[in-house]
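Report on the structure
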Amino acid sequence: MQKIFPPTLHDRGVIARWRAWLPDITDATPVVSLNEGSTPLIHSPRLSALVGRDVRVFLKYEGLNPTGSFKDRGMTVAVSKALEAGARSILCASTGNTSAAAAAYAARAGLACIVLLPAGKIALGKLVQAIAYGAKIVTIDGNFDDALQLVRELADDPAIAIVNSINPHRLEGQKTASFEIIAELGDAPDAHFLPVGNAGNISAYHRGYREWLTLGRATRAPRMIGWQAAGAAPIFHGQPVAKPETVASAIRIGNPASWSLASAAVAESGGAVDIVSDDEILAAQSWLARHEGIFVEPASAASVAGLLKCVRQGGECHAPASGTIVCTVTGHGLKDTVTVLDRAAALAPPVPAKREAILAALDEN
Ligand code: F0G
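First things first, this report covers the structure right here in the doc. Predicted model, so just to flag it, every value in this text is computed and none were measured.

**Concerning helix 4 (residues 71-84)**
Taking 1.5 Å of rise per residue, the 14 residues of helix 4 would be expected to cover 20 Å, and the 20 Å separating its terminal C-alpha atoms lies within 8% of that figure. When you tally the buried positions in helix 4, you get twelve out of 14 residues, the bulk of the element. All of the buried residues in helix 4 are Lys71, Asp72, Arg73, Gly74, Met75, Thr76, Val77, Ala78, Val79, Ser80, Lys81 and Ala82. Gly86 occupies a position one or two residues after helix 4 and carries a positive phi of about 90°.

Now the structure itself:
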C-alpha cells in the first residue's frame, strides 16, 4: 500500500519515540496514536525562587496531551495492544480523564468504548469528552472504587479489554514521561512531586526513572513524593477510605489499584506520600494560573500544593535544599471550569459599548 504521509509526520507519539524501551510493542502491534507525549517541561522561576536559591523547579505540563491529560501516554499502548489482541471493545472505570482518553483512542482504533462513571462526580469537561468521542457511558450510584470493582467483575469477556491502569500496558506508556524529563534535563531530577489517586502514575514514573538509571542513561533516580487530597488519602493513612471526598474529583479515590506498586516506588526511592487540603489545592491551582500562566485542573495542582506546603513548613518537608525538582501537572484546567467559576466573583453587568463606559467600569474594579 502506498504511504500517504512521509514517515516523519507519522512517527510521533509515545510509541514512535520510545519504542526501544517499550517491550510490549512488537512489529505485530498496530499503533494507535494521537501524537501524545513530548509535553513541555517548563521552568518555573517563581517556584524555584520560593523553594530556595539552589533549586530549579520544572513543571511537566501533561495537560497538553491530545485529550488534555497524562492518560494518553498509557492509552496509546493499551489500545494498540487491545487491537492487536483482537478486542472489539475497551472498558474502564474513571474519575473522568481515563474515560476521555479511552474514548478518544477507541474512536481512533475503531473500537467501541464503555465507561463506568460515578454519577455526579465527574468534571463536566471530561464527561463532554466521553460524549463527544462517542463512548457508551454508564453512570453508577457509587464512587470510583465501586466502579473499578464492577469493571473487574466484567473482565471475563475476551472481546472486551480493560484499560484501567490494572492493565499493565498503561503504566508502560506512562513511564515515558520520565524518559522525556531525563532527555531534556540531561539527568533525572532530585525529587519528583505528583498527585496520587489510583497510584498508577507515581509507579510508572518511578519505573521509567529506574530503567534509565539501570541503563546508565541517568546518574540517579529521584525521590518520588506523592500528594493525596486530605479527604481521600488512603495511602497516607495506611487504610482504605470508604467515602473519599475532595474538590479534586480526579483523585477522589479511597482504595487505589496500584497501592502496593506506589508504596514500593516510594520506599525504593526514599520518597513519601503526604497530604494537601482542598484549600491548599485550590490555592495552588490559582497561584499557578496567575503566576505562571499555567491553568491546570484541581487534582493536577496537588503536586504544586505539596511544594508550596514544603516552602511553608521549611526543613521538615520533602523538597531538597538544592538540585532539581519536577512537579507533574497532570490535566488541563479547561476540563473542570465549574470549580473556578464557583469561586469567582460574578461578572458585572454589561456596560454600553463606549470608551467612557469601559474606563468607568475599570475604575470601579
Ligand atoms: N491527576 C489527574 C488529572 C488524574 O485524572 C488522575 C487520575 C491523577 C492525577 C492520579 O493519577 O490515578 O495514576 O494516581 N485519574 C484517574 C481517572 C483515576 O479515572 O481519570 P493516578
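The rest of the description comes next.
**As for the sheet that holds strand 6 (residues 160-162)**
The strand order across the open sheet built from four strands is 5-4-3-6, with neighbouring strands paired in parallel fashion. The open sheet has two edge strands with one neighbour each: strand 5 (136-140) and strand 6. The sheet shows a mean angle of 20° between the axes of neighbouring strands, taken without regard to direction. As paired elements, strand 3 (residues 89-93) and strand 4 (residues 112-118) share five bridges and run parallel to each other. Bridging across to strand 4, Cys92 finds its partner in Val115.

**So, the nonpolar core**
Ranked by internal contacts, the top residues of the largest apolar core, which has 34 residues, are Phe193, Val304 and Ile325. For this core, the element with the most residues is helix 14 (residues 302-313), which contributes six residues. Here Phe193 is in contact with Ile225, Trp227, Ser303, Gly306, Leu307, Cys310, His318, Ala319, Ile325, Val326, Cys327 and Thr328, once residues within four sequence places are set aside. The next biggest cluster of nonpolar side chains, apart from the first, holds 28 residues, and it includes Ile182, Tyr205, Met224 and Val326.

**Quick notes on the site of the ligand**
Ser94, Asn97, Asn198, Ala199 and Thr330 are the nearest of the 20 residues found near the ligand. In this structure, an oxygen atom belonging to the ligand sits 2.7 Å away from a main-chain N or O atom of Asn198. Taking 480 Å² as the accessible area of the ligand by itself, protein coverage stands at 98%. Counting residues per element, the ones that place at least two in the shell around the ligand are helix 5 (97-109) and helix 10 (200-214). Here the shell around the ligand is composed, by residue class, of seven nonpolar, eleven polar and two charged.

**Concerning the side chain of Arg73**
Mapped onto the elements, Arg73 comes out in helix 4. For Arg73, the side chain forms a polar contact with the side chain of Glu180, separated by 2.9 Å. In this view, Arg73 contacts Val14, Glu36, Gly37, Ser38, Thr39, Lys60, Glu62, Gly173, Gln174, Thr176, Ala177 and Glu180; residues no more than four positions away in its chain are not counted.

**Details of the pairing of strand 9 (residues 272-276)**
Among the five residues in strand 9, five count as buried, and that is most of the element. The side-chain alternation of strand 9 yields two buried faces, one formed by Ala272, Asp274 and Val276 and the other by Val273 and Ile275. In terms of strand pairing, strand 8 (residues 223-229) meets strand 9 through five bridges, oriented parallel. In the sheet register, Ile225 faces strand 9, and the bridge partner there is Ala272.

Cut-offs used in this document
- Residues numbered from 1 in each chain as written.
- Predicted model: local features only at pLDDT ≥ 70, side-chain atom pairs only at ≥ 80, totals over all residues.
- Heavy atoms only, no water.
- Helix = DSSP H or I, 4+ residues; strand = E, 2+ residues; numbered from the N terminus.
- Expected span 1.5 Å × (residues − 1).
- Buried < 20%, exposed > 50% of the residue type's maximum accessible area, 1.4 Å probe, protein only.
- Pairing = 2+ DSSP bridges.
- Axes fitted to C-alpha atoms, helices over the stretch in contact; angles between N-to-C directions.
- Core = buried A, V, L, I, M, F, W, Y, C linked by side-chain atoms within 4.5 Å.
- Contact = heavy atoms within 4.5 Å.
- Near = heavy atom within 4 Å.
- Polar contact = N/O pair within 3.5 Å; in protein donor to acceptor, adjacent residues only side chain to side chain.
- Areas by Shrake-Rupley, 256 points an atom, 1.4 Å probe, with all protein chains shown as cover.
- Nonpolar A, V, L, I, M, F, W, Y, C, P; charged D, E, K, R; others polar.

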